[in-house]
Amino acid sequence: MNHKEIDALVQSWIVETATGPVNKRVQQIVVRILGDLCKTIEDLDISSTEFWKGLEYLADTGARNEFGLLAPGLGLERFLDIRADEAEAKAGLVGGTPRTIEGPLYVAGAPKANGFARLDDGTQSDQADVLYMQGTVYGADGKSIPNATVEVWHADLLGNYSFFDKSQSAFNLRRTIVTDAEGRYQLRTIMPKGYGCPPDGATQQLLDLLGRHGQRPAHIHFFVTANGHRKLTTQINIDGDKYLWDDFAFGSREGLVPAVKQITDASEIAKHNLKAPFASIDFDFNLYANSAVAPSSEVDRIRAAA
Ligand code: MBD
Ligand code: FE
(Lines give C-alpha, C1' and ligand atoms only; values in the text may rest on other atoms or scores of the structure.)
(Ligands and ions follow the chains in the order given, each with its own letter.)
Protein backbone atom coordinates (compact mmCIF):
# COMPACT_ATOMS: atom_id res chain seq x y z
CA MET A 1 0.00 0.00 0.00
CA ASN A 2 1.23 3.54 -0.63
CA HIS A 3 0.95 6.40 1.84
CA LYS A 4 -1.91 8.08 -0.01
CA GLU A 5 -3.96 4.90 0.17
CA ILE A 6 -3.20 4.61 3.88
CA ASP A 7 -4.30 8.22 4.48
CA ALA A 8 -7.57 7.48 2.67
CA LEU A 9 -8.15 4.37 4.78
CA VAL A 10 -7.52 6.27 8.03
CA GLN A 11 -9.93 9.00 6.91
CA SER A 12 -12.55 6.33 6.19
CA TRP A 13 -12.11 4.74 9.63
CA ILE A 14 -11.86 7.82 11.83
CA VAL A 15 -13.34 10.86 10.08
CA GLU A 16 -16.05 9.54 7.77
CA THR A 17 -17.52 7.37 10.55
CA ALA A 18 -18.23 10.28 12.90
CA THR A 19 -21.95 10.69 13.66
CA GLY A 20 -21.70 12.66 16.91
CA PRO A 21 -19.89 15.80 18.12
CA VAL A 22 -16.19 15.70 17.19
CA ASN A 23 -13.30 17.02 19.27
CA LYS A 24 -11.36 18.38 16.29
CA ARG A 25 -8.04 18.47 18.12
CA VAL A 26 -8.31 14.86 19.23
CA GLN A 27 -9.42 13.85 15.73
CA GLN A 28 -6.47 15.66 14.16
CA ILE A 29 -3.97 14.00 16.49
CA VAL A 30 -5.49 10.50 16.17
CA VAL A 31 -5.62 10.71 12.37
CA ARG A 32 -1.99 11.81 12.27
CA ILE A 33 -0.59 9.23 14.71
CA LEU A 34 -2.70 6.38 13.31
CA GLY A 35 -1.64 7.25 9.77
CA ASP A 36 2.02 7.44 10.79
CA LEU A 37 1.73 4.09 12.57
CA CYS A 38 0.14 2.38 9.58
CA LYS A 39 2.86 3.80 7.35
CA THR A 40 5.49 2.46 9.75
CA ILE A 41 3.86 -0.99 9.70
CA GLU A 42 3.80 -0.90 5.90
CA ASP A 43 7.29 0.53 5.33
CA LEU A 44 9.02 -1.70 7.89
CA ASP A 45 6.84 -4.72 7.05
CA ILE A 46 5.96 -5.15 10.74
CA SER A 47 4.51 -8.61 11.35
CA SER A 48 1.32 -9.26 13.29
CA THR A 49 3.38 -10.84 16.06
CA GLU A 50 5.63 -7.76 16.24
CA PHE A 51 2.54 -5.55 16.37
CA TRP A 52 0.96 -7.47 19.26
CA LYS A 53 4.27 -7.67 21.14
CA GLY A 54 4.46 -3.89 20.84
CA LEU A 55 0.96 -3.44 22.24
CA GLU A 56 1.72 -5.87 25.05
CA TYR A 57 4.85 -3.85 25.81
CA LEU A 58 2.81 -0.65 26.10
CA ALA A 59 0.23 -2.41 28.30
CA ASP A 60 3.02 -3.66 30.57
CA THR A 61 4.55 -0.17 30.73
CA GLY A 62 1.17 1.21 31.82
CA ALA A 63 0.56 -1.58 34.33
CA ARG A 64 3.91 -0.75 35.97
CA ASN A 65 3.19 3.00 35.81
CA GLU A 66 6.40 3.52 33.84
CA PHE A 67 5.26 5.84 31.05
CA GLY A 68 6.62 8.75 33.10
CA LEU A 69 10.01 7.03 32.98
CA LEU A 70 9.87 5.81 29.39
CA ALA A 71 9.08 9.31 28.07
CA PRO A 72 12.32 10.89 29.35
CA GLY A 73 14.26 7.73 28.47
CA LEU A 74 13.20 8.07 24.83
CA GLY A 75 14.07 11.78 24.79
CA LEU A 76 10.43 12.90 24.58
CA GLU A 77 10.49 14.98 27.77
CA ARG A 78 13.70 16.66 26.55
CA PHE A 79 11.97 17.30 23.21
CA LEU A 80 9.13 19.11 24.97
CA ASP A 81 11.74 21.24 26.77
CA ILE A 82 13.50 22.11 23.51
CA ARG A 83 10.17 23.25 22.09
CA ALA A 84 9.35 25.23 25.26
CA ASP A 85 12.77 26.93 25.02
CA GLU A 86 12.11 27.82 21.38
CA ALA A 87 8.69 29.24 22.22
CA GLU A 88 10.15 31.35 25.04
CA ALA A 89 12.98 32.65 22.84
CA LYS A 90 10.39 33.62 20.22
CA ALA A 91 8.49 35.51 22.92
CA GLY A 92 11.70 37.37 23.80
CA LEU A 93 12.33 35.41 27.00
CA VAL A 94 16.06 34.69 27.17
CA GLY A 95 18.79 34.64 29.81
CA GLY A 96 16.84 33.00 32.64
CA THR A 97 17.89 29.84 34.46
CA PRO A 98 17.60 26.96 31.96
CA ARG A 99 14.69 24.59 32.41
CA THR A 100 15.09 20.87 32.40
CA ILE A 101 12.82 17.87 32.74
CA GLU A 102 10.57 17.31 35.75
CA GLY A 103 10.78 13.53 35.64
CA PRO A 104 8.22 11.21 37.24
CA LEU A 105 9.13 11.46 40.92
CA TYR A 106 7.73 14.76 42.25
CA VAL A 107 5.31 14.53 45.17
CA ALA A 108 3.06 17.49 46.04
CA GLY A 109 2.51 18.61 49.60
CA ALA A 110 6.05 18.64 51.01
CA PRO A 111 6.52 20.46 54.36
CA LYS A 112 6.96 24.23 54.05
CA ALA A 113 9.81 26.16 55.62
CA ASN A 114 10.76 29.81 55.65
CA GLY A 115 14.20 30.60 54.26
CA PHE A 116 15.92 27.41 55.37
CA ALA A 117 15.13 23.70 55.49
CA ARG A 118 16.96 20.53 56.30
CA LEU A 119 15.79 17.93 53.77
CA ASP A 120 17.18 14.68 55.11
CA ASP A 121 15.80 12.80 58.11
CA GLY A 122 19.28 11.77 59.30
CA THR A 123 18.90 8.06 58.45
CA GLN A 124 21.89 8.04 56.10
CA SER A 125 24.01 10.62 57.93
CA ASP A 126 26.64 7.99 58.79
CA GLN A 127 27.38 7.27 55.13
CA ALA A 128 26.56 10.62 53.51
CA ASP A 129 28.41 13.86 52.88
CA VAL A 130 26.54 16.91 54.16
CA LEU A 131 25.57 19.34 51.42
CA TYR A 132 24.52 22.94 51.92
CA MET A 133 22.99 24.74 48.98
CA GLN A 134 21.95 28.37 48.92
CA GLY A 135 21.14 31.25 46.64
CA THR A 136 18.70 33.94 45.63
CA VAL A 137 15.62 33.90 43.44
CA TYR A 138 15.66 36.82 41.00
CA GLY A 139 12.88 38.18 38.84
CA ALA A 140 12.91 39.47 35.29
CA ASP A 141 13.84 42.98 36.48
CA GLY A 142 16.97 41.61 38.17
CA LYS A 143 15.52 42.24 41.64
CA SER A 144 15.45 39.48 44.24
CA ILE A 145 12.03 38.02 45.04
CA PRO A 146 10.94 37.59 48.68
CA ASN A 147 8.27 34.92 49.28
CA ALA A 148 9.18 32.95 46.17
CA THR A 149 8.59 29.22 46.51
CA VAL A 150 11.44 26.76 45.96
CA GLU A 151 10.20 23.18 45.87
CA VAL A 152 13.09 20.75 46.02
CA TRP A 153 13.34 16.97 45.80
CA HIS A 154 16.12 14.44 45.25
CA ALA A 155 17.21 10.84 45.67
CA ASP A 156 18.95 9.24 48.65
CA LEU A 157 22.27 7.38 48.67
CA LEU A 158 20.66 4.40 46.94
CA GLY A 159 19.20 6.57 44.19
CA ASN A 160 15.70 6.14 45.61
CA TYR A 161 13.02 8.80 46.17
CA SER A 162 10.80 8.91 49.26
CA PHE A 163 7.10 8.07 48.71
CA PHE A 164 8.00 5.78 45.79
CA ASP A 165 10.48 4.05 48.13
CA LYS A 166 8.24 3.15 51.06
CA SER A 167 11.24 2.38 53.29
CA GLN A 168 11.97 6.12 53.60
CA SER A 169 10.19 8.47 55.98
CA ALA A 170 7.41 10.69 54.61
CA PHE A 171 8.81 13.58 52.53
CA ASN A 172 12.42 12.62 53.20
CA LEU A 173 14.58 14.74 50.86
CA ARG A 174 11.55 16.86 49.83
CA ARG A 175 10.71 20.37 51.03
CA THR A 176 9.06 23.60 50.01
CA ILE A 177 11.24 26.58 50.96
CA VAL A 178 9.86 30.12 50.88
CA THR A 179 12.53 32.76 50.21
CA ASP A 180 13.29 35.36 52.88
CA ALA A 181 13.03 39.15 52.63
CA GLU A 182 16.16 39.21 50.44
CA GLY A 183 14.86 36.49 48.14
CA ARG A 184 17.24 33.92 49.59
CA TYR A 185 16.81 30.21 50.24
CA GLN A 186 19.13 27.75 51.89
CA LEU A 187 18.96 24.02 52.38
CA ARG A 188 20.93 21.38 54.19
CA THR A 189 20.78 17.83 52.90
CA ILE A 190 22.86 14.76 52.02
CA MET A 191 24.81 14.65 48.78
CA PRO A 192 22.54 12.65 46.44
CA LYS A 193 23.57 9.71 44.30
CA GLY A 194 22.48 8.93 40.75
CA TYR A 195 19.30 7.10 39.81
CA GLY A 196 18.96 3.86 37.89
CA CYS A 197 15.82 2.57 36.17
CA PRO A 198 14.23 -0.46 37.86
CA PRO A 199 16.32 -3.30 36.35
CA ASP A 200 13.29 -5.59 35.92
CA GLY A 201 11.01 -2.83 34.59
CA ALA A 202 9.54 -2.06 31.20
CA THR A 203 11.76 0.96 30.52
CA GLN A 204 14.98 -0.93 31.19
CA GLN A 205 13.68 -3.82 29.07
CA LEU A 206 13.50 -1.55 26.03
CA LEU A 207 16.77 0.23 26.86
CA ASP A 208 18.48 -3.19 26.93
CA LEU A 209 17.20 -3.94 23.43
CA LEU A 210 18.58 -0.58 22.29
CA GLY A 211 21.95 -1.26 23.92
CA ARG A 212 21.50 1.72 26.27
CA HIS A 213 21.94 2.13 30.02
CA GLY A 214 19.22 3.53 32.29
CA GLN A 215 21.35 5.68 34.60
CA ARG A 216 20.98 9.30 35.63
CA PRO A 217 23.79 11.35 37.16
CA ALA A 218 23.27 12.70 40.70
CA HIS A 219 20.88 15.65 40.55
CA ILE A 220 18.49 17.81 42.56
CA HIS A 221 15.06 18.86 41.23
CA PHE A 222 13.38 22.25 41.63
CA PHE A 223 10.09 23.96 40.92
CA VAL A 224 10.54 27.70 41.48
CA THR A 225 7.41 29.86 41.52
CA ALA A 226 6.77 33.51 42.35
CA ASN A 227 3.94 35.99 41.84
CA GLY A 228 4.04 37.60 38.42
CA HIS A 229 6.56 35.08 37.08
CA ARG A 230 6.64 31.93 34.99
CA LYS A 231 7.11 28.66 36.83
CA LEU A 232 10.63 27.27 36.44
CA THR A 233 11.08 23.49 36.34
CA THR A 234 14.73 22.60 36.58
CA GLN A 235 17.50 20.53 38.18
CA ILE A 236 21.11 20.97 39.11
CA ASN A 237 23.64 18.22 38.52
CA ILE A 238 26.42 17.28 40.91
CA ASP A 239 29.71 17.95 39.13
CA GLY A 240 32.10 15.04 38.71
CA ASP A 241 29.44 12.34 38.34
CA LYS A 242 30.41 9.63 35.87
CA TYR A 243 27.08 10.03 34.06
CA LEU A 244 27.07 13.86 34.08
CA TRP A 245 26.96 14.11 30.28
CA ASP A 246 25.57 10.60 29.75
CA ASP A 247 22.11 10.90 31.32
CA PHE A 248 19.63 8.31 29.99
CA ALA A 249 16.94 11.00 30.37
CA PHE A 250 18.89 13.82 28.65
CA GLY A 251 18.36 16.24 31.54
CA SER A 252 21.92 17.63 31.90
CA ARG A 253 22.38 21.15 30.61
CA GLU A 254 25.07 23.79 30.45
CA GLY A 255 24.31 26.29 33.21
CA LEU A 256 22.93 23.66 35.57
CA VAL A 257 26.23 22.24 36.85
CA PRO A 258 27.30 24.54 39.69
CA ALA A 259 30.68 24.23 41.38
CA VAL A 260 30.73 22.06 44.50
CA LYS A 261 32.94 23.69 47.11
CA GLN A 262 34.50 21.70 49.95
CA ILE A 263 34.26 23.80 53.11
CA THR A 264 37.11 22.94 55.47
CA ASP A 265 37.40 26.19 57.43
CA ALA A 266 36.87 25.42 61.15
CA SER A 267 34.78 28.51 61.84
CA GLU A 268 32.53 27.81 58.83
CA ILE A 269 32.10 24.22 60.01
CA ALA A 270 31.14 25.40 63.48
CA LYS A 271 28.78 28.05 62.06
CA HIS A 272 26.89 25.31 60.22
CA ASN A 273 26.61 23.19 63.40
CA LEU A 274 28.85 20.51 61.93
CA LYS A 275 31.96 18.70 63.11
CA ALA A 276 33.51 17.80 59.75
CA PRO A 277 34.08 19.47 56.37
CA PHE A 278 31.03 19.66 54.13
CA ALA A 279 30.08 20.43 50.54
CA SER A 280 28.48 23.71 49.51
CA ILE A 281 26.77 24.82 46.33
CA ASP A 282 25.78 28.40 45.49
CA PHE A 283 23.01 28.60 42.92
CA ASP A 284 20.66 31.46 42.02
CA PHE A 285 17.42 31.10 40.10
CA ASN A 286 16.49 33.69 37.46
CA LEU A 287 12.80 33.66 36.53
CA TYR A 288 10.96 35.14 33.56
CA ALA A 289 8.05 37.50 34.03
CA ASN A 290 4.61 36.21 33.05
CA SER A 291 4.11 36.45 29.32
CA ALA A 292 0.92 36.80 27.34
CA VAL A 293 2.57 35.33 24.21
CA ALA A 294 4.62 32.38 25.49
CA PRO A 295 2.78 29.08 26.12
CA SER A 296 2.04 28.35 29.76
CA SER A 297 4.96 27.11 31.82
CA GLU A 298 2.51 25.17 34.03
CA VAL A 299 2.33 21.58 32.85
CA ASP A 300 -0.92 19.83 33.76
CA ARG A 301 -0.07 16.20 34.48
CA ILE A 302 -1.03 13.74 37.19
CA ARG A 303 1.41 14.00 40.07
CA ALA A 304 1.66 12.07 43.29
CA ALA A 305 0.52 13.88 46.42
CA ALA A 306 0.88 12.95 50.05
C1 MBD B 1 14.60 10.47 37.94
O2 MBD B 1 15.07 10.77 39.16
C3 MBD B 1 14.42 11.46 37.07
O4 MBD B 1 14.71 12.69 37.51
C5 MBD B 1 13.98 11.23 35.78
C6 MBD B 1 13.83 12.33 34.82
C7 MBD B 1 13.69 9.96 35.39
C8 MBD B 1 13.85 8.94 36.27
C9 MBD B 1 14.31 9.19 37.54
FE1 FE C 1 15.26 12.71 39.57
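Residues numbered from 1 in each chain as written. Chains lettered and ligands numbered in written order. Predicted model: local features only at pLDDT ≥ 70, side-chain atom pairs only at ≥ 80, totals over all residues. Heavy atoms only, no water.

(A) Representation of the pairing of strand S5 (residues 149–154) in the model. Of all six residues in S5, six are buried, a share of seventy percent or more. The side-chain alternation of S5 yields two buried faces, one formed by Thr 149, Glu 151 and Trp 153 and the other by Val 150, Val 152 and His 154. In terms of strand pairing, S5 meets strand S6 (residues 174–178) through five bridges, oriented antiparallel. Residue Val 150 lies in a different strand from S6, and its bridge partner there is Ile 177. (Buried < 20%, exposed > 50% of the residue type's maximum accessible area, 1.4 Å probe, protein only. Helix = DSSP H or I, 4+ residues; strand = E, 2+ residues; numbered from the N terminus. Pairing = 2+ DSSP bridges.)

(B) Region of the structure containing the site of ligand 1. Taken together, Leu 69, Ile 101, Gly 103, Pro 104, Leu 105, Tyr 161, Tyr 195, Arg 216, His 219 and His 221 make up the full set of residues adjacent to ligand 1. One of the side-chain N or O atoms of Tyr 161 is found 2.8 Å from an oxygen atom in ligand 1. A distance of 2.9 Å separates an oxygen atom of ligand 1 from a polar side-chain atom of His 221. In the complex, 100% of the free accessible area of ligand 1, which totals 260 Å², lies under the protein chains. Counting atoms within 2 Å of the grid points, the majority share of ligand 1 lands in the largest cavity. Here the shell around ligand 1 is composed, by residue class, of six nonpolar, three polar and one charged. (Near = heavy atom within 4 Å. Polar contact = N/O pair within 3.5 Å; in protein donor to acceptor, adjacent residues only side chain to side chain. Areas by Shrake-Rupley, 256 points an atom, 1.4 Å probe, with all protein chains shown as cover. 1 Å grid on protein atoms, 1.4 Å probe; cavity = no way out; pocket = protein on both sides within 12 Å on 5 of 7 lines; lining within 4 Å. Sits in = over half its atoms within 2 Å of the grid points. Nonpolar A, V, L, I, M, F, W, Y, C, P; charged D, E, K, R; others polar.)

(C) Quick peek at helix H6 (residues 202–209). Along H6, the residues classified as buried are Ala 202, Thr 203, Gln 204 and Leu 207. Residues of H6 that are buried in the fold lie against helix H3 (48–63) and helix H4 (67–73). At the exit of H6 stands Gly 211, carrying a positive phi of roughly 70°. (Contact = heavy atoms within 4.5 Å.)

(D) Spotlight on the pattern of salt bridges. Counted under the stated rule, the structure contains 17 salt bridges. In this structure, Arg 253 and Asp 85 form a salt bridge, with 3.0 Å as the shortest nitrogen-oxygen distance. Of this pair, Arg 253 sits in the loop between strand S11 (232–237) and strand S12 (261–263) while Asp 85 sits in helix H5 (residues 76–90); the two residues are 168 residues apart in sequence, bridging distant segments of the chain. Note on Arg 253: relative accessible area 18%, which makes it buried. Several salt bridges share partner residues, and in doing so they unite Asp 85, Glu 88, Arg 99, Arg 230 and Arg 253 into one network. (Salt bridge = Lys/Arg side-chain N within 4 Å of Asp/Glu carboxyl O.)

In short, geometric facts, not functional conclusions.
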